[in-house]
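# Residue-level structural notes
Spelled out, the chains give:
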Amino acid sequence: MLLNAMEKGEKIKKKDDVVISYLDSVGYRTPEEAETELSQRFSHGVLKEYRDLVTQHMEHPTVGTALRFYDFLASNTTEDGTSMAEIEYQRIYDRGFIGKIIPVLMGSCFQYRNILDVGCGIGVITNYFAQQSPHAQFTGVDVSEKSLEIAIKCASERGLDNVVYRVANLMSLQEAFDQGSFDSVLLVDVVDDSTREGNLDDFMLDEKFEQIAHVSAKNGLVTVKFSPSGKYGYRWEVLVPECMRRHNIEPSNDQTHFNFKHQNGATLETYVIRGKKK
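The shown structure was predicted, so the numbers you read here are calculated from the model rather than taken from an experiment.

Each value, and the rule that gives it
- Residues numbered from 1 in each chain as written.
- Predicted model: local features only at pLDDT ≥ 70, side-chain atom pairs only at ≥ 80, totals over all residues.
- Heavy atoms only, no water.
- Salt bridge = Lys/Arg side-chain N within 4 Å of Asp/Glu carboxyl O.
- Helix = DSSP H or I, 4+ residues; strand = E, 2+ residues; numbered from the N terminus.
- Buried < 20%, exposed > 50% of the residue type's maximum accessible area, 1.4 Å probe, protein only.
- Pairing = 2+ DSSP bridges.
- pLDDT = per-residue confidence, 0-100.
- Contact = heavy atoms within 4.5 Å.

## Details of the pattern of salt bridges
Under the definition given, this model contains six salt bridges. In this structure, K48 engages D52 in a salt bridge whose closest nitrogen and oxygen atoms are separated by 3.1 Å. Here K48 pairs with D52, and both are found in helix α3 (residues 44-59), just four residues apart, close to one helical turn. Its relative accessible area of 49% is what places K48 among the partly exposed residues. A network of salt bridges, in which partner residues are shared, links R245, E250 and K278.

Here it is in structure tokens:
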């Protein structure tokens, strides 16, 4: 079994725990379902590489590991030409993940009209927001051109004309956009990625929030979602608000900590902090 480590030792067991946490976060209900859905359409070698890339990014989250993972999803296709990324898009879009995370992320986002999603990946959340808020304009940015191709394709299939995508990352927002371009900025699992591949302790939070502050309009909403795990654990809920304040973004009292729980018993803890640009 893809996610069964009973006979493969502790090292693989640890790797399975990481993969289960990832699958849990993107909407898989059980490991067996994940195995069945992917193994029917992809070879053992592709699944092994998929597992390895998931593990690398979960254990060492950097821009580089994220790019390698999402490019892998977009590049591997079935016989009918459907990419792994498109399969993942449909799975997340159709199942419980969207229903759980969207209400928490959106908050009062519906009142805003120009929204930036940083690190949008294959555009699941961005397209969902755009569909739910036709009055607003959405912009999704990501480092993976291949992921953005999937996002654009899925937006077109859903007839969305209020969303655009472009290549950029959290550290290039000042180059990509004018000051105060957006009245709402959404950051899902990107602030807690290490920016420098060789130094996993260097998260460059001040540099990141300088970029965020640049594109945020006065009184604009900034929503940051991260998982309080890994080396820094719950220090994130202290580090992030402190850094926001240093860059003229005042965190609100609307801070949400919740868990994803599924039938397999895996839990992904999530923390959401919102703030207003002064």
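## Describing the pairing of strand β4 (residues 182-188)
Counting buried positions over the seven residues of β4 gives six, a clear majority of the element. Sheet topology note: the strand β1 (residues 114-118)/β4 ladder contains four bridges and is parallel. Considered in β4, the bridge of D117 is made with L186. When β4 meets strand β5 (residues 216-226), the two strands line up parallel, connected through six bridges. Across the sheet, V188 pairs through a bridge with K225, a residue of β5.

## Description of the confidence of the model for the chain
Mean pLDDT for the chain: 76, with 71% of residues reaching 70 or above. Every residue in residues 1-31 scores below 50 in pLDDT, and together they form 73 contacts with partners more than four places removed in sequence or on other chains.

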